[in-house]
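# Residue-level structure breakdown
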Amino acid sequence: MSSNPSLLQSLSPTGDADISLKARLGEVDASMRKPAMLFLVSAVFWLLLGTVFALVAAIKATNPDFLGGTEWLTFGRVRSAHLNAMIFGWGNNVIFAVAPWIMGRLSRARIRHTSILLIAGIFWNIAVTVGIFGILRGDMIGVEWLEMPSYAAPLIIITYALVGVWVIIAFRWRQTDHVYVSQWYLLAAFFWLPWLYTVAQIMLIFEPATGVVQSLTNWWFAHNVLGLWLTPIALGVAYYLIPKVLGRPIHSYYLSVVGFWALALFYNWAGVHHLIGGPVPAWVISAGTVASVMMVIPVLVVGINHHLTVVGLHKEGWASPTIRFVMFGAINYTFVSLTGSLMALRHVNEVTHFTHFTVGHAHHGVYAFFTMIMFGAVYYMMPRLLLREWPNAFLIKVHWWMAGMGILLMVVALQVGGWIQGLQMNALNEDGTPVYSSFIQIVENTRPWLWLRSLSGLMILIGHLAFGVNVFWMIFSRRRAGEQTAPTLLSPTTEQA
Amino acid sequence: MDWGQYILIGFVFACLFFLGAALALHWAHRHGQLTNLEKGAQSIFDEDEPMGEITDAFPRKRRKKKN
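Scoring rules and cut-offs
Residues numbered from 1 in each chain as written. Chains lettered and ligands numbered in written order. Predicted model: local features only at pLDDT ≥ 70, side-chain atom pairs only at ≥ 80, totals over all residues. Heavy atoms only, no water. 1 Å grid on protein atoms, 1.4 Å probe; cavity = no way out; pocket = protein on both sides within 12 Å on 5 of 7 lines; lining within 4 Å. Points joined across faces, edges and corners; volume = space filled by probe spheres on them. Helix = DSSP H or I, 4+ residues; strand = E, 2+ residues; numbered from the N terminus. Nonpolar A, V, L, I, M, F, W, Y, C, P; charged D, E, K, R; others polar. Domains from an automatic or database assignment. Salt bridge = Lys/Arg side-chain N within 4 Å of Asp/Glu carboxyl O. Buried < 20%, exposed > 50% of the residue type's maximum accessible area, 1.4 Å probe, protein only. Core = buried A, V, L, I, M, F, W, Y, C linked by side-chain atoms within 4.5 Å. Contact = heavy atoms within 4.5 Å. Buried area = accessible area lost by both parts, 1.4 Å probe. Polar contact = N/O pair within 3.5 Å; in protein donor to acceptor, adjacent residues only side chain to side chain.

## Details of the layout of surface pockets
All names here are of chain A. When its volume is computed, the largest pocket comes out at roughly 1400 Å³. Together, 46 residues line the largest pocket, and Arg79, Thr358, Val359, Ala362 and His363 are the ones closest to its centre. The set of elements that each furnish at least two residues to the lining of the largest pocket consists of α2 (25-62), α3 (75-107), α7 (211-246), α12 (321-343), α13 (346-352), α14 (356-386), α15 (393-426) and α17 (447-476). A total of nine residues in the lining of the largest pocket trace back to one element, the largest contributor, which is α14. A per-class count over the lining of the largest pocket returns 25 nonpolar, 18 polar and three charged. A domain split of the lining of the largest pocket shows at least three residues from each of domain 1 (24-177) and domain 2 (241-476).

Laid out in structure tokens, this is it:
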């Protein structure tokens, strides 16, 4: 095969990898530069817009009249616009930047035909724009995590297929013998999402199921987007970056492989725990509860492995922006997953269901775990793509402290407030009558916690602004003379200095 | 569609899913991916980013060699 394979050669299911194509890391980075930057810039844009939507929705929870005169900005629409901007706009864009890049590096293969990835990036962002515009306009579909109007779906599917195929092609033409655990996670995620999305589209949109089946499918899909898409991507990134940055192999590679297969076996079942108490066959709920508790195994495996890899290198980790963010996310993966397992227990769920506790749990998973790890990945990737340092260390610190403390405040406020809310909704007098006869009284009691949520949202917005300024400053700054152009170590090492 | 058809769709996709997982596991076993795992852990390091080298720090901070 020539050094510039044709599209047909790249898509061919047969053929052997040519060792002469084995790429150095700098070459992989260079091949991914343009598409990754397109996805990254788009991701940052959606992150900022999604945060503004979030703040508006949070303020409306305590002040319902805020921007209440415009139907486009009513709570239901703004809240769904926030969710979709974050999941499809920020989350998927940043995944499409980071996942092919890591897959290419681990496969030692240049990313081929990147113009197709560029086209995919443009189409994807058009689809998200159309989808969110549709939600704000009032065309929203009333299915959790599938709110975008159906006219946005074809572009989403086509674009996703383009990116997914490119990750698989990078793996297909790998120039390495061993398949590293991150490759397992990334590959699995890129196979799992189309499976989830296709089943959900058929059973919820094109030929909508009714009643209990609809709820079951909805929660199977929504929970698995977190568990079989965002989670394996973030874990794959963490398993690559923690040992890579610290220069130390993962503590127990054996455990990491066990963790992967345990996630593949158990997570798929867990989503139905959202329907505890609903008119769902008891065995389905029991299966979901058992699977949720079984998730303790991969969670502890990952937690132990990450912790023991970092032991003794805490100072170096603290000095690395990447490790600060990634370890924050990894630690929160342990906490949010154990909380999730507890929430799947019937007696706990009786209290937490229909309260802000669940909202806190969702933010804990998607932000404190997934998003923080992806921030870490961006801090590692961008200097290698652009061959220049981050322009401002202070802004990175502002980002970490504001995002980290902001999300912790949000999780604590929503989960403590939600727990109290659940206890009040369930509280009964001795004669069996409700202690709180007026539901609105319980709603009023949540106000202080919701104010804290707005405050936490403001902190996170400040963090995101610092991140955004640093990203665009870096893109438009010039590389200083004398800086190395190797894929790593842009500043001089101790020996070189 | 009635329950039976939904279950059929779900069953077909579940079979595909498990078949895919089983094939992946079989492939991994046949190609020695599940043996000598500790060596595999070092596969991410190379001459560009060697083991023992810290490869990230805040800008304008020097990096140290670690063993």
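## Side note on the pattern of salt bridges
Two side chains bearing opposite charge may form a pair once their charged atoms approach each other closely. The tally for this structure, following the rule as stated, stands at 11 salt bridges over all chains. Between Asp48(B) and Arg24(A) there is a salt bridge, and its shortest N-O distance comes to 2.4 Å. Of the two residues, Asp48(B) sits in the segment after α2 (37-40) while Arg24(A) sits in the loop between α1 (7-11) and α2, which places them in two different chains. For Asp48(B), a relative accessible area of 13% puts it in the buried group. Taken together, the shared-partner salt bridges connect Asp29(A), Arg105(A), Lys244(A), Arg384(A) and Glu49(B) into one network.

## Some points on the nonpolar core
What tends to happen in soluble globular proteins is that the nonpolar side chains get buried as a cluster. Residue and element names in this part refer to chain A. Formed by 160 residues in total, the largest nonpolar core has its most connected members in Trp90, Ile95, Phe190, Trp229 and Ile233. The biggest single contributor to this core is α7, with 20 residues. Looking at which domains feed residues into this core, each of domain 1 (24-177) and domain 2 (241-476) gives three or more. Sequence-distant contacts of Trp90, defined by excluding residues within four places in its chain, comprise Ala43, Val44, Trp46, Leu47, Ala85, Phe370, Thr371, Met374, Phe375 and Phe467. Leu216, Val272, Ile276 and Val284 belong to the second-largest nonpolar core, a separate cluster that totals seven residues.

## What to know about the domain arrangement of chain A
Residue and element names in this part refer to chain A. If you check the domain split of chain A, you get domain 1 (24-177) and domain 2 (241-476). A C-alpha centroid distance of 20 Å is found between domain 1 and domain 2. Taken together, the 30 residues of domain 1 in the interface contact 32 residues of domain 2. Overall, the association of domain 1 and domain 2 removes approximately 2600 Å² of surface from exposure, summing both partners, and the carbon and sulfur fraction of that is 80%. On the domain 1 side of the contact with domain 2, Leu55, Thr62 and Trp101 bury the most area, a combined 20% of that side's loss. If you look at where domain 1 meets domain 2, you find zero salt bridges. Our count for the domain 1 to domain 2 interface comes out at four residue pairs in polar contact (both at pLDDT 80 or more). Of all the secondary-structure elements, those providing two or more residues to the side of domain 1 that touches domain 2 are α2 and α3. In terms of residue class, the side of domain 1 that touches domain 2 is made up of 22 nonpolar, five polar and three charged.

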